[in-house]
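Examination of the molecular architecture
Chain residues, written in single-letter form:
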Amino acid sequence: MEPRFACTACGKCCHGLLPLTLTDAVAHAVRFPLALVWTVMRSNAKSYDLATRLGTTVRLPNRKTVAVLIQPSAYLPNHFPCPALQPDNLCGIHADKPSRCRTMPFYPYREEKDQADLLVPRKGWECDVSAEAPVVYRNHAILDRADFDRERAELLEQAPVMRTYADYVLKYMPWIVNDLAKMAAAPAGGKLVTSLSSFLTATRRTDARELAAAQAPLMQALAERTRNDPALADFHKNYAGWAKEMERLAQRP
Ligand code: SF4
Ligand code: SF4
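To start, this report covers the structure provided alongside it. (Residues numbered from 1 in each chain as written. Chains lettered and ligands numbered in written order. Predicted model: local features only at pLDDT ≥ 70, side-chain atom pairs only at ≥ 80, totals over all residues. Heavy atoms only, no water.)

**Examining the packing of aromatic side chains**
- Taken as a whole, this structure holds nine aromatic pairs when the rule is applied.
- Judged by centre distance (5.8 Å) and plane angle (40°), the rings of F106 and Y137 are tilted. Pair noted here: F106 is in the loop between α3 (99-103) and β5 (137-138) and Y137 is in strand β5, with a separation of 31 residues, a long-range link. This pair shows no difference in class: F106 is buried, exactly as Y137 is.
- The interplanar angle of 40° and the centroid separation of 5.0 Å between the aromatic rings of Y107 and Y109 together place this pair among those described as tilted.
- Taking the relative accessible area as the measure of exposure, Y109 reaches 5% and is therefore buried.
- Members of the aromatic cluster, each reached through a chain of ring pairs, are Y75, F235, Y239 and W242.
- A cation over an aromatic ring shows up here: R225 above the ring of F80, its NZ or CZ 4.0 Å from the ring centre. (Phe/Tyr/Trp six-rings, centres within 6.5 Å; stacked < 30°, edge-to-face > 60°. Helix = DSSP H or I, 4+ residues; strand = E, 2+ residues; numbered from the N terminus. Buried < 20%, exposed > 50% of the residue type's maximum accessible area, 1.4 Å probe, protein only. Lys NZ or Arg CZ within 6 Å of the ring centre and 35° of its normal.)

Here it is, written out as structure tokens:
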């Protein structure tokens, strides 16, 4: 049976971490609290070669090499709604929404032939996969592919910047390689999060002050919102620390 899919705009997938292209992260810096999210892929993983092109490769202390994707992301706890999600569950920035949202449910960090299981809605999602929904994927190919191609092109274009950032982090924060090794060894993998300020420093962005000024109030608000929830202690610590970093960076001459 050919996979069918239509979005019913239930808003369920508009929660938690949202990976963004770098272009979208910058464009929406007044809206999304930004961080860099690192994901390790072992050499036997599907789409490993693609991950080495979109991300970087890192040699671990055990001499194994892994691919590492570094995604600029809206950094939110799993159950927090996207700041652009409206009370009616519709997207408040539909005409201007990020590439990641346009390409849903497809995911250009994976090879096109490996997309079929993304068409099975996760628990609680209300995507229409009935016989009434349109066929969207046939013979391992995406039928309406403009958004997928656009997001993939943006990811390929930004890859050299992500590699520059990875080199910087591994040089100035060398202990991170041990964290990556732990993630590579864990059956469930894992994610490592680094700050926007380290990215702005590493890549010497000329708009660093403006981006920091946009981010500081978002980080402050989220630090407040997560202050008294022990389950969100890691988020709170990051938001509070990054709010100070962003304030300092915004005031730099
Ligand atoms: S930008 Fe819009 S579509 Fe994307 S996660 Fe937020 S509310 Fe959902
Ligand atoms: S979970 Fe499915 S139906 Fe709901 S908003 Fe996301 S893609 Fe659309």
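**Digging into the packing of helix α6 (residues 196-203) against helix α8 (residues 233-251)**
- Where α6 meets α8, the axes come as close as 9 Å, and the angle between the chain directions of the two elements is 35°. Taking contact as the criterion, the partners of L196, S197 and L200 in α6 are, on α8, E245, M246 and L249.
- Each residue belonging to the contact of α6 with α8 can be placed in one class, and the counts come to four nonpolar, one polar and one charged. (Axes fitted to C-alpha atoms, helices over the stretch in contact; angles between N-to-C directions. Contact = heavy atoms within 4.5 Å. Nonpolar A, V, L, I, M, F, W, Y, C, P; charged D, E, K, R; others polar.)

**Let's talk about the site of ligand 2**
- The local shell around ligand 2 consists of F5, C7, T8, A9, C10, G11, C13, W125, E126 and C127.
- Tallied by class, the residues present in the shell around ligand 2 amount to seven nonpolar, two polar and one charged. (Near = heavy atom within 4 Å.)

**A few points about α6**
- Burial analysis of α6 places seven of its eight residues in the buried class, which makes it a mostly covered element.
- Restricting attention to buried positions, one finds in α6 the residues L196, S197, S198, F199, L200, A202 and T203.
- The inward-facing, buried residues of α6 abut α1 (22-27), β2 (34-41), α4 (146-172), β7 (191-195), α7 (208-225) and α8.
- One or two steps after α6, the chain reaches R204, where phi turns positive at roughly 50°.

**Remarks on empty space enclosed by the protein**
- If you walk through the whole model with that rule in mind, you get two cavities of 30 Å³ or more.
- Estimates place the volume of the largest cavity at around 70 Å³.
- Forming the boundary of the largest cavity are 13 residues, of which L22, A25, L34, L196 and F199 lie nearest the centre.
- Within the residue set of the lining of the largest cavity, elements represented by two or more residues are α1, β2, β4 (65-74) and α6.
- For the lining of the largest cavity, the per-class residue count stands at 11 nonpolar, one polar and one charged.
- Its volume calculated, the second largest cavity comes out at about 40 Å³.
- Lining the second largest cavity are L54, L69, I70, Q71, Y109, L155, Q158 and M162.
- Taken together, the residues of the lining of the second largest cavity break down into six nonpolar, two polar and no charged. (1 Å grid on protein atoms, 1.4 Å probe; cavity = no way out; pocket = protein on both sides within 12 Å on 5 of 7 lines; lining within 4 Å. Points joined across faces, edges and corners; volume = space filled by probe spheres on them.)

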